[in-house]
Structures are given as structure tokens and as C-alpha cells.
Amino acid sequence: MFMKLKLLLFASLLFSGLYAGAQDDIRVEGTVSFEQDGTPLPGVNVLVEGTQIGTVTDFDGNYSLTAPSDATLVFSYIGFKQQKVGISGRSRIDVAMEEDLAKLDEVVVVGYGTQRKVNLTGSVSSISSEELSDRPITQASQALAGLSSGISVQQGSGRPGSDGASIRIRGLGTFSGAGNEPLVLIDGLASSINDIDPNNIKSISILKDAASASIYGTRAANGVILIETKRGSSGDMKVSYNSYIGWQKVTQLPDFLDAEGYARMRNEANRNQGQADAYTEEEVGWFADGSDPDNYPNVPHLKNLLRSGSGFQTNHNLSFTGGNEKNKYLFAFGYLKQDGVVAENTYNKYNVLLNFDSQIKENLNLKVSLNGYSSDTNEPRQYDGDLTSIIGYAVRQGPVYAGRKSDGTYGYQDNYSPEAWLASESFSSRRNKYFLGGTELTWNLFEGFELSGKAGFKYFGYENKDFSSSFIFDENKTVGPNNLNVQDGENQLVTLQALARYTRDFGAHNLSFLAGFSQEEYKDSFLRGYRDDFPNNELYELNAGAQSNMQAYGSGASWGLRSFFGRVNYNYAGKYLFEANARYDGTSRFPKDGRWGFFPSFSAGWRISEESFIKENAGWIQNLKLRASWGMLGNQNIGNYPYQNVLTLGRNYPFGGNLISGARLTNLANTDITWETTSVTNIGLDFSILKGALDITAEYFDKTTSDILYQVSVSDVLGLTPSEVNAAEVRNNGFEMSVNYTMDLGNFNIGISPNFSYTKNRVTKLANGLQQDIGQGLFVGHSVNSTYGYVADGLFTDADDIANYPDQPYQAEPGFVRYKDISGPDGVPDGVVDATYDRKVIGSYFPKYAYGLNLNADYKNFDLSAIFQGLAGYKRQIGSYQAYAFFNGGQIQQWQADGRWTEENPDRNAEYIKLTSLNQGSGTLMPSTFWNRNAGFLRLKNLQIGYSFPKKILEILKVTRLRVYAGGQNLFTLNDFYKGWDPEMGQEASDNSPFYPITSVYTFGVNVNF
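The model shown is predicted, which means the values in this text are computed figures rather than measured ones.

This next bit is on the sheet that holds strand 1 (residues 25-34). If you trace the three strands from one edge of the open sheet to the other, you get 4-1-7, paired in mixed fashion. Each edge of the sheet is formed by a strand with only one pairing partner; in this case those strands are strand 4 (62-68) and strand 7 (95-97). The mean inter-strand angle of the sheet, taken between neighbouring strand axes irrespective of direction, is 35°.

Let's shift gears to the domain arrangement of the protein. Each domain of the protein was delimited in the assignment, giving domain 1 (25-97) and domain 2 (792-837). Computed from C-alpha atoms alone, the centre-to-centre distance between domain 1 and domain 2 is 78 Å.

What follows concerns the pattern of salt bridges. Counted according to the given criterion, the structure contains 39 salt bridges. We note a salt bridge from R159 to E379, for which the minimum N-O separation is 2.7 Å. Taken together, the positions of R159 in the loop between strand 11 (151-155) and strand 12 (165-169) and E379 in strand 21 (residues 364-379) put the pair 220 residues apart, joining distant regions of the chain. Taking the relative accessible area as the measure of exposure, R159 reaches 16% and is therefore buried. Connected via shared salt-bridge partners are R170, K208, K625, R627, D686, E699 and E736.

Attention shifts here to the sheet that holds strand 13 (residues 183-186). Read from one edge to the other, the open sheet built from five strands follows the order 10-15-16-13-14, with strand pairing classed as mixed. Each edge of the open sheet is held by one strand with a lone partner, namely strand 10 (124-128) and strand 14 (189-191). If you compare each strand with its neighbour and ignore which way they point, the axes differ by 25° on average. Bridge count between strand 13 and strand 14: three bridges; the pairing is antiparallel. If you follow L185 over to strand 14, its bridge partner there is A190.

Attention shifts here to unusual backbone geometry. Omega for the peptide link from G480 to P481 comes to -5°, which places this bond in the cis form. Relative to the helices and strands, P481 is located in the loop between strand 25 (477-479) and strand 26 (483-506). The phi torsion at S88 lies on the positive side, around 50°, for a residue other than glycine. Here D707, not a glycine, exhibits a phi torsion of approximately 60°, which is positive. Summarising the element assignment, D707 is placed in strand 38 (residues 694-710).

Attention shifts here to the packing of helix 3 (residues 259-272) against helix 4 (residues 281-289). Helices that pack against each other are described as a pair by the angle of their axes relative to one another and the distance between those axes. It is the contact of helix 3 with helix 4, at a shortest axis distance of 7 Å, that shows an interaxial angle of 155°. In terms of orientation, helix 3 and helix 4 fall into the roughly antiparallel class. Where helix 3 approaches helix 4, its residues A259, E260, A263, R264 and N267 are matched on the opposing element by E281, V284, F287 and A288. Across the contact of helix 3 with helix 4, the residue classes tally to five nonpolar, one polar and three charged.

Where strand 48 (residues 849-859) and strand 49 (residues 862-872) come together, 11 bridges link them in antiparallel fashion. Bridge pairing in strand 49 places L853 opposite F868. The hairpin turn running from strand 48 into strand 49, its antiparallel successor, is two residues long, and K860 in that turn takes a positive phi close to 55°. Note that strand 49 and strand 52 (residues 937-948) share 10 bridges and pair antiparallel. The residue bridging L864 from the neighbouring strand is I945, located in strand 52.

The next thing to look at is the nonpolar core. With 73 residues, the main nonpolar core has I391, I892, Y912, W931 and W981 as its most contacted residues. Residue contributions to this core peak at six residues, all from helix 6 (residues 387-396). When near neighbours in sequence (up to four residues on either side) are disregarded, Y912 contacts L795, A883, Y884, A885, W895, Q896, G899, R900, W901, L918, F930 and W931.

Our focus in this paragraph is the environment of L871. Here L871 lies in strand 49. Relative accessible area serves as the criterion here: at 1%, L871 is assigned to the buried category. Spatially, the C-alpha atom of L871 lies 29 Å from that of T229, the residues being 642 residues apart in sequence. Leave out the neighbours within four places in its chain, and L871 touches S152, V153, Q154, P847, Y849, A850, Y851, G936 and F937.

To continue, consider the packing of aromatic side chains. The tally for this structure, following the rule as stated, stands at 54 aromatic pairs. Here the aromatic rings of F449 and Y502 are separated by 6.3 Å at their centres, their planes lie at 55°, and the arrangement is tilted. With F449 in strand 23 (residues 449-468) and Y502 in strand 26, the pair connects residues that are 53 residues apart, well separated along the chain. For Y502, a relative accessible area of 24% puts it in the partly exposed group. On the basis of an interplanar angle of 5° and a centroid distance of 6.1 Å, the ring pair of Y572 and Y576 is categorised as stacked. The partly exposed category is assigned to Y576, whose relative accessible area is 35%.

What follows concerns the pairing of strand 21. Walk down a regular strand and you will see the side chains alternate between the two sheet faces. Note that strand 20 (residues 346-361) and strand 21 share 15 bridges and pair antiparallel. Looking across to strand 21, one finds that D357 is bridged to K367. Between strand 20 and the antiparallel strand that follows it, strand 21, lie two residues.

Turning our attention to helix 6. Counting buried residues in helix 6 gives 10 out of 10 residues, a clear majority hidden from the surface. Taken together, the buried positions of helix 6 are occupied by L387, T388, S389, I390, I391, G392, Y393, A394, V395 and R396. Looking at the packing, one finds that the buried side of helix 6 touches helix 5 (301-305), strand 21, helix 7 (418-423) and helix 10 (880-883).

Another aspect to go through is helix 4. Turning to helix 4, its buried residues are E283, V284 and F287. The buried residues of helix 4 occupy an angular sector of 105° when the element is viewed end-on, so they sit on one face. What points out from helix 4, more than 90 degrees from its buried face, is the exposed set E281 and E282. As for helix 4, its buried residues are in contact with helix 3. Where helix 4 ends, the next residue or the one after it, G290, has phi of about 70°, a positive value.

Next up on the list: the environment of S406. When you line up the elements, S406 lands in the loop between helix 6 and helix 7. Separated by 112 residues in sequence, S406 and D294 place their C-alpha atoms 6.9 Å apart.

Our next topic: the side chain of T797. For T797, the location among the structural elements is in the loop between strand 45 (792-795) and helix 9 (799-803). Discounting residues that sit within four places of it in the chain, T797 has contacts with P814, W901, P906 and R908.

Residues of the protein with pLDDT of at least 70 account for 96%, and the chain-wide mean is 91. Under a pLDDT of 50 for its full length, residues 1-23 has, in the predicted model, zero contacts with residues more than four places off or in other chains.

Per the UniProt annotation, the sites labelled "domain: TonB-dependent receptor plug" (unreviewed entry) are residues 118-224. When the span residues 118-224 is considered, its composition is 4% helix and 28% strand, and the gap between its end C-alpha atoms is 20 Å.

Moving on, we come to the environment of D533. Tracing the backbone through its elements, the reader meets D533 in the loop between strand 27 (509-532) and strand 28 (551-572). The sequence separation of D533 and P481 amounts to 52 residues, and the corresponding C-alpha distance is 5.3 Å. Setting aside residues up to four positions removed in sequence, D533 forms contacts with P481, N482, G545 and A546.

Together, Y572, Y576, W606, F613, L626, I683, L685, Y700, F735, F756 and Y849 give the surface a local cluster of nonpolar side chains, amounting to about 950 Å² of exposed area. One can find Y576 in strand 29 (residues 576-587).

Quick look at the side chain of T409 now. Within the secondary structure, T409 sits in the loop between helix 6 and helix 7. With relative accessibility at 18%, the residue T409 sits in the buried group. A distance of 2.6 Å separates a polar atom in the side chain of T409 from a polar atom in the side chain of D407. Leave out the neighbours within four places in its chain, and T409 touches G403, R404, F473 and D474.

Rules used in this analysis
- Residues numbered from 1 in each chain as written.
- Predicted model: local features only at pLDDT ≥ 70, side-chain atom pairs only at ≥ 80, totals over all residues.
- Heavy atoms only, no water.
- Pairing = 2+ DSSP bridges.
- Helix = DSSP H or I, 4+ residues; strand = E, 2+ residues; numbered from the N terminus.
- Axes fitted to C-alpha atoms, helices over the stretch in contact; angles between N-to-C directions.
- Domains from an automatic or database assignment.
- Salt bridge = Lys/Arg side-chain N within 4 Å of Asp/Glu carboxyl O.
- Buried < 20%, exposed > 50% of the residue type's maximum accessible area, 1.4 Å probe, protein only.
- Parallel < 35°, antiparallel > 145°, perpendicular 65-115°, else oblique.
- Contact = heavy atoms within 4.5 Å.
- Nonpolar A, V, L, I, M, F, W, Y, C, P; charged D, E, K, R; others polar.
- Core = buried A, V, L, I, M, F, W, Y, C linked by side-chain atoms within 4.5 Å.
- Phe/Tyr/Trp six-rings, centres within 6.5 Å; stacked < 30°, edge-to-face > 60°.
- Arc of directions from axis to C-beta.
- pLDDT = per-residue confidence, 0-100.
- UniProt positions renumbered as here; feature names shortened; annotations may be inferred.
- Patch = residues over 30% accessible without salt bridge, like charges linked within 9 Å, V, L, I, M, F, W, Y side chains within 5 Å.
- Areas by Shrake-Rupley, 256 points an atom, 1.4 Å probe, with all protein chains shown as cover.
- Polar contact = N/O pair within 3.5 Å; in protein donor to acceptor, adjacent residues only side chain to side chain.

Structure representation (C-alpha cells):
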């Protein structure tokens, strides 16, 4: 009986508890509106904090849901500040949401300072650390691909330690030795973009027009990239560890025929030339059955070579940050290990970053930035070339050549065998050391006025060693003697800066001034030594080599740059914006009379969205700004002292029976040489709606570079090589657009950011009215790096076709390329195809279009990101061994065999010509549209999916963040290029084209914060 009473009591308590819980769940309803004008807000997310219970407001801003009476509701909406409201038993809760102006207050790094993004009048793109994080990029230059409009990024190689990308901002401004590389500054000091660990980057600003870049004067003609590193924050020490491991794989591999297929196609090529078969049917059978692999092998040399290495890659970054209100620090240590896809190829890099900020006094601040790394690269090499040459010749070597044979000897083609050189003691090693340090002191004299001084020092030292061993392939082939090249060098750059800033508000008027001085001094030097005939392949120090052929070289150079610059900014009521920049540069690279140059820029902006007629009638527009700019930039990278007559040493001569050291003048100096000057006009529109959820930026630019250095042809009677003169001009104009859209759907958030650029590049002037320079690929009215050749009209089908077609510039045969007769001496086709009248510009190596797409999404604790990148509007060819079957004893690929022209199928539009032996002089291989290929591509540059552990697990593990992820880089590519070859890969259309393939990287990583 007593037990029954206890059960009854327990049941009643349980029932009452459930009833009480039911009583706690109440129905809550309300309206969400805009605080400023009371407008209802549809689509606002309303969530019960700590749960997945929620709803979304309807078109009139109304919502209703059931929730515990003591719960908290979280209201979130893009463009507005998040609000949390306790229910406290209420059945109706109305909320007025406050607009979040954080986006409008976003600060962007510009030259020698920062500006609010809404007040910018120049063309500046910004990339945040979040867009770079956790990607398996080994060089910071790779990070920009697909993330910004107005820039073209091409990664030509996956070679460990040398896999950086080339960056071009708004086209090719010059074709001279001055180059097209943008100026890169890390924490305000000139350096290379690949000198900084991507993990340590806080933000990247890309200055694309003259208004934003002219303050850097003679070094800004190709645009400027400003990199700010991460800095410390106040509070207890925070420790962050980011790491990944991954494996590399070649993005694309050509499909070569096996030995049997090679032998059959080789026989066909011989028959097409009227020659006997190279292989009997019995020998073809031996290739097929593998019964005698030493004499009748079937070896895929390139595939084996590119799979001989592990491809393992790992990166670790450990950072410590902390401090108080007056002293903050950040220390980071990183390690990168990259094993190549080829054996014996490794790259190791250790880097450190130390940033320190101190408020010495209330008006005196110190900023210290230190960054450095040490790296070493080891690669195999062949006797007369490096690793890329081994790969290049592996493309040539057919499967009918053995690798390592059963007796330990090696098959070879000429002096080349990838298996043999991997087994040899030959190697290349690179040891690099780098340091970049800067100290800045800022003194606030009174409100709005400050003075600052900065000193910076950059050092780069290197030690290169190339040892080519002697090697015995078999009893008939030995390569030697062994030899060693050693080169040591260093360069350093000292920078001094002084700045004065003044900012003052006069009611609705805002003025700011910047005045500055800068001085840079650069020095470099190197020493090189060579010896050969070492006693063995195990001893490779210079002293061990023979003295009979020892050689030594050395050199040094220096230059200096002194600059005065200033900037004035004015805005009225945040609506009307104006900026003027000026820089006055003097450089040691020019003669005294033309040493100084003046580079101004002017820009203005109108924030139309701040006008009353927009605010009152189109309040849904958050930002609408029209801006325009014009300015001039310079380029001083023309060599050190081209205006001086320099004597060339080593011109020894016999005198009195002895060889006397001599020197002579070989180049005629140009004493009038001066800057290459770039003028840029830019018009831009910034547009933001949907409470900042949708941002659109559109720009038009017109950039002309004049006084480009150009080598003018002179008579051989002169006896000297003339210096370059300022004589040419190049124009780039086009448009670009970027869009950023974010959407908040409660537990699900998404971001979409596409960008697009179009650049029309053309030479507008050469020296002395010249219209073309075929040797340099320069043609007035066409792009720099143009391809010049014949227009193909399919293939010849038979002898009658050849007889009835215009005469060709080579001995044509059925199955070879037909070249069109497009003109003649009288300007019309004349029945004869020749080099003078029937060639034209048939393509360009520089892409007209660049585009990208950045996608981000997260759902609860999961996140997903993807970056697509593409280039289009250009055509190119590749190396001869890659493009042509049986070229100079080379291989044949499957697409060539499948698409070849044959007598049985004389298809005029066959994909490939008749099989035959080819060489550099083969007429059917002359540059033409037949061999040009569309090099455009779309690549999934990065894909990543991650999971962040919930708070409960973090508390157990005593960490503040734990995230794991899996991802990849260069995962797939869509293109219409040569089958099996990556169109982005750097290769020349030449006889021997060394290369290292681009690689995909598959990674697993972790982020931990303590």
C-alpha cells in the first residue's frame, strides 16, 4: 500500500511538472520595423536563442511563434544590428531595428594611410584575411586569383618553392625591360608579395588607378599592392594554431601511346615519307607482350617521373597575441614543407613575424614590424639542365626506350634519361635568407596634427649550388666530366620616410593634408665560381675540383631614389569628395638633367545617396557614389645606368706574345633617356542596396604608357649596339565589375561575389613611324606579345589540291597545312603565299578577359567555400615536343593518333596532320592558326568544407575554437586547349620547352584557438 502511494505521488509530481512546462510555452507575436522611419521589415530572422526554433517576418513585418516564457528572441537582418530581447512572459514584442553602418565605416588601406571606403575617389580593391585563410597556397601571389576585378593572375608552375603566380593589373603597360610587375609594399616597405606567409596577412589593397597609386610616383606605373600584416590585440594571451596536410597531383597529363602503338604509328610515319618500317611485326609483338623489357620496353617516362615523388605538403602556423591598452604584440612562427611530384625534390621554409605596438606616452606611439624567413630547395638535375629540363625531355622520350634495365644500366635517348638522372648524384640546391624590418614613431603634437618617421631595412641573401655528376648509362655511353657551379649573392634596400598629417573639420567641411619625404638606397652583389673534373661524385666542394678550368665571376650594382610627395583630401558633408596627390621623384638611374620627374593625380566623387532627393524618395539605396580620376605615373626600372658609356671587361687581346686583359665599349649610351610615363583616366560607380546586402562596383579605365624604351635598328657600320630610346607607346582600356551579395536566412547564410574584367591592350606607336617589329611580336594596333603567322585553310587532301591552290612557302604534301593567300604586292591575293604579304596577327598571349566567383555558405556549424577563376580571350601554342608527333625523335599522343590525316581518310579538317618526322624547319609547322589554340579556361581554384565544434565540446577541451576542414586547390579545369596540357602552365613555343606542371592539392586541416 505504501509503495502504491509513492508511485501515485511521483506520477502527480511528473504530471504537474509537465503541466507547468506547458504553461511556460507561450505564443509570442509582434512587428519588426526600421527604427528610422517605422517601415515594416520583411524577411527578418527571429530565433529562440540556443535553439533551432524560429520564423521569418512576413511582407508586413509581422511574426509569431511559440517559445518558453523566459526565453530570449534574437532578431537578425542583413544591414541591421542584431538585437536580443527577453520574452519575460510577454505575448507581444515589437522591435525597431537599428541600421548597421559598419559597412559604410569600413576602412581601406591606401598609400601612406587609411580612408573610409565610402570616401574613396580612386579605384581600390580590398581582400581580407578571411578570404585567404586555410587555403593550401604556398605563395601569397596565388591567393589573388579570382578574388578581385582588374587583375590577371596566372600560375605557370607547381614547382616547389617557385610556384608563385604572375600578377598584372589592368593589362600590359610596356614591352621593355622596365617590366609589368606591380609595386608591392609589406607594412609600407617595398618587397615581393611572395616574401610574406599568407597566414600572416591581415588585408591586401590593390591600387589600380593613378588617383590611388600616384603617391608612389615612379614605381607605380603597373599598379600597387599594399599588404598589411596581422597585429596584436589587448587582453590575455591568445594562442592560435593552424595546420594542414595535403598531397599534390598534376592537374593534367598527356595521354601518350604505349610502345606497341608508338611502333605502329612510327611505321606509318616512315611509310608516309617513302621509308622502310622502323619495326617489324615481330618486334611490335615483343613491345606488346612485354617479354623482353630490356630490349623491347614499354615505359611511360613522363608519367613515371611525375609520380616518382610523394607530393606531400604540410603547413603549420603558430601565433601568440596579447598585451594591454599601451603595449600589444603578435608573434607568429610558420613552417612549410613541400615535396614535389618528382623524387628528390623538396622545399622547406621557416618564417617568423613579430609585430609590436606601444603607446610610449599619451601622444607618442611606436610601431615595430619584423618579418623573415629561411628556405632551402633541393632538386635533381641532368648534366646540362635543371629539373624542368628533365621533365621537358621526358616528354620527348618514347616508351620504346628502356628505363633502368635488369643489369643496372639505363636506356637513353641522346644524353637524356629521366630514370638515369634521378639515380645520379647530380643536384641543385638553393638556400635563401630574407629579412624585412621597419620601425615607425608617431608623435601627435596637437589635435589633428601628427608627425611620423619610419626606417626600414630589407635583406635577401642566397647560396646556389649546381652539381652535374659524371654518369655511366651503359658500356657505350658515359657523360662527363662532373662539374660544379656555385653562386652566392645578396641585396639590401634601406628606406627612410618622414610624414606629416593634419586633419581638421570646419562644420560640414572636412580637410586632411599629408606631406612626406622618402629615400631608398639599393645595393646588390654576387660571386660565382666554377670547377670541373672532381675526383668522384661524392665530393662537390670547389676546392676539390681541378684548377685547369676553374673560373670566377663577380659583380655589384646600386641605385637610389629620393622623393617628396603630398596629398590633400576634402569632403563636404560626406557628399562631395575631392583628392589631389603629387610626387616629385629623383633617381640615380637617369642623367642629371632629367633625373627628376613630377607625377600628379586628381580625383573627385559625388555620394548621390547622401542627397535629400535620394534619401526622401529612394531610401532603399544605402550608397550611390560616382567618382572620376586622372593622373600620371612613372616607371624607373630601366637598368641601373643606361645613360653612361660602360666598358665591357673580358675583351682580352694578344700583345707581345702574351694575352693581355682588355676592355672595350660595346654599347652606345643614350644620354637623353628618361622615364616611361603612364597616364590613367578612371570613372567608377559604387552602388549598395538591400541594407548593404548587395554591393556593386563598376569601372571604366583608359591607361596609356608613353616614352617606352625601344631598341632602334641602326647600320652595322656603327660598330656598337645602340641603347634603347624613349620612342614607343602602349594603350590599355576596358571595364571591370564586381558584385557582392550576402543573404542571412537564420541558420543558413550565403555569400556570392562574382567579378569580371575586360582589357583591350594594343601598341599605338613604335619608333620612327614603324608599324611592326615581327621579331619582338610588336604590331601597331595589336596587343603586346602578339602571334604573327599564316591563316590556315585546313589540310591538303591530294596532289591535285596542291596543284590548284596558291603556291605555298614550303614543299607542300597531302596531309600538310594549307596557308591562305590573303594579299600580294598590289594589296590583293596574287596566287602566291609568302612571308611578306600573307602573314598577319593571329592571336595574343595576353588574356582580354579575367573573371572570378567567390561562394561562401554556412549552416549551423558547417561552412563551405569555393573560388572559381578564369581567363579568356587569348590564344597560344606550346613546346614542340608537346604539340607535334615524332618531332625530333619525340613521342606521339593519343589525340594525334586518333585525329590524324591519312590517305584512307583524307579529311581536310582533320585535327592533326599526316604523320611524318618533323623538325624546327618543317614548313607545315610554321606559326599559323592551325597550331594556335584557345588558352581560355575556367578553374575551380579552391573548394573547402569545414566543421566548427559546438561550445559544449570546446568547454570540455578548454579551447575557444576548434574547426576541422577538408579542401583542395586547382581541383578541375574546363578548357579547349591541347588535350592533356594545362593552358595556364608556362611554356614557350620552342624546340625544347622546359616546364614544371601545375598541381592540384588535396588537404585536411585544423584550426585551434586557445
